[in-house]
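Each chain, letter by letter, is given below.
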Amino acid sequence: MKLNVMTFNTQHCENFKTKKIDFDCIADVILQFSPDIVGLNEMRMDGVNPEYTDQIPELARKGRYPNWYFAKALDVGGQNPYGNGFLSRYPIISAETIPVPDPVEKKYTGHYETRCLLHAKIDIPGGLDVFVIHFGLNPDEQANAVKTVVKNITAQRCILMGDFNVLPEDPVLETIRERMYDTAVLFKKELFSFPSDKPNIKIDYIFTSKDIKVLSADIPQIVASDHCPYIASVEI
């Protein structure tokens, strides 16, 4: 069975050019590649702030995805849900939000933010586990994210994707690489995902369990969000 996969940090559906919330702009990118499953980062849901609306069901509607899930990492300002999202053309058997523990002691001066791991089980023949993650910016946050990922991923029929906020050579990824296949191996040339207008670093990833065959992978150079989308075609 072949599946098209996309991971996309939407920056809460903000149009990179206009700096305004633009569902059509983000949905058009998704529709252009018609992925079967989509992992989304930096998504808002309905909150007290008028800019916090139900973004994931709106993208699901515009992209014609019958199934979706929101994994809340935190409430911005205490009342505005924010986190990761997932769209699927296939039924979602179950879904859960797995917290990434905050560092007990903050050792760095960078911005700290509570994160989570989205886990969805997809109803396809033989089943599929999908995980969507957004790493923090500091090394201690990233180490906790890796521990959370490794604890929960499955050895077979598993896809992990998202914005990892680390470069490919970062040793923090070694534990994941030992267990999973990096689809970027299939890039025909070096590709970058951020910032979308002049990409010069790769911080977005799609990993698969080693039993999944990766057919192709690409980072289309599209300016919609501040990240470029990352797509892959796999065979399960």
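Provided above is the structure to which this section pertains.
Residues numbered from 1 in each chain as written. Predicted model: local features only at pLDDT ≥ 70, side-chain atom pairs only at ≥ 80, totals over all residues. Heavy atoms only, no water.

Caption draft 1: How the structure looks around the pairing of strand 7 (residues 128-134). Along strand 7, 7 of the 7 residues are buried, which leaves the element largely enclosed by surrounding structure. Here strand 7 shows two buried faces, one formed by Leu 128, Val 130, Val 132 and His 134 and the other by Asp 129, Phe 131 and Ile 133. The pairing of strand 6 (residues 115-122) with strand 7 spans 6 bridges and is classified as antiparallel. Paired with Ile 122 across the bridge in strand 7 is Leu 128. Strand direction decides the pairing type here: strand 7 and strand 8 (residues 158-163), joined by 6 bridges, are parallel. For His 134, the partnering residue across the bridge sits in strand 8 and is Asp 163. (Buried < 20%, exposed > 50% of the residue type's maximum accessible area, 1.4 Å probe, protein only. Helix = DSSP H or I, 4+ residues; strand = E, 2+ residues; numbered from the N terminus. Pairing = 2+ DSSP bridges.)

Caption draft 2: The arrangement of the pattern of salt bridges in detail. Scanning all chains against the criterion turns up 9 salt bridges. Salt-bridge contacts for Arg 115 lead to Glu 113; the nearest nitrogen and oxygen are separated by 3.8 Å. We note that Arg 115, like Glu 113, is buried. A single salt-bridge network, built from bridges that share partners, covers Asp 24, Glu 58, Arg 61 and Lys 62. (Salt bridge = Lys/Arg side-chain N within 4 Å of Asp/Glu carboxyl O.)

Caption draft 3: Quick peek at unusual backbone geometry. Look at the link from Phe 194 to Pro 195: it is a cis peptide, with omega at -15°. Along the chain, the position of Pro 195 falls in the loop between strand 9 (180-182) and strand 10 (204-209). Phi angles above zero are rare outside glycine, and Ser 34 is one such case at about 45°. By the secondary structure assignment, Ser 34 is in the loop between helix 1 (23-33) and strand 2 (37-44).

Caption draft 4: Structural detail: the sheet that holds strand 4 (residues 80-88). The strand order 3-4-2-1-12-11 describes an open sheet built from 6 strands, whose pairing is mixed. One side of each edge strand has no neighbouring strand; the edge strands of this open sheet are strand 3 (67-76) and strand 11 (213-218). Along the sheet, successive strands turn relative to each other by an average axial angle of 15°, direction set aside. Sheet topology places strand 2 next to strand 4; 6 bridges connect them, and they run antiparallel. Residue Arg 44 lies in a different strand from strand 4, and its bridge partner there is Tyr 82. Strands in contact with helix 1 are strand 1 (2-9), strand 2, strand 4 and strand 12 (230-235); relative to strand 1, the strand with the most contacts, it is inclined by about 160°. Helix-sheet contacts for helix 2 (residues 55-63) involve strand 2, strand 3 and strand 4, and the interaxial angle to strand 2 is about 145°. (Axes fitted to C-alpha atoms, helices over the stretch in contact; angles between N-to-C directions. Contact = heavy atoms within 4.5 Å.)

Caption draft 5: Main features of the nonpolar core. Membership of the largest hydrophobic core comes to 28 residues, with the highest contact counts inside it found for Ile 37, Phe 86, Leu 128, Ile 159 and Met 161. Residue assignment for this core shows that the elements contributing at least two residues are strand 1, strand 3, strand 6, strand 7, strand 8, strand 11 and strand 12. Ranked by the residues each element gives to this core, the list is headed by strand 6, at 4 residues. (Core = buried A, V, L, I, M, F, W, Y, C linked by side-chain atoms within 4.5 Å.)

Caption draft 6: Molecular detail of the pairing of strand 10. Judged by how many residues are buried, strand 10 sits mostly within the fold: 6 of 6 residues are covered. Covered by surrounding structure in strand 10 are Asp 204, Ile 206 and Thr 208 together with Tyr 205, Phe 207 and Ser 209, the residues of both alternating faces. Strand direction decides the pairing type here: strand 8 and strand 10, joined by 5 bridges, are antiparallel. Residue pairing across strands places Leu 160 opposite Phe 207, the latter belonging to strand 10.

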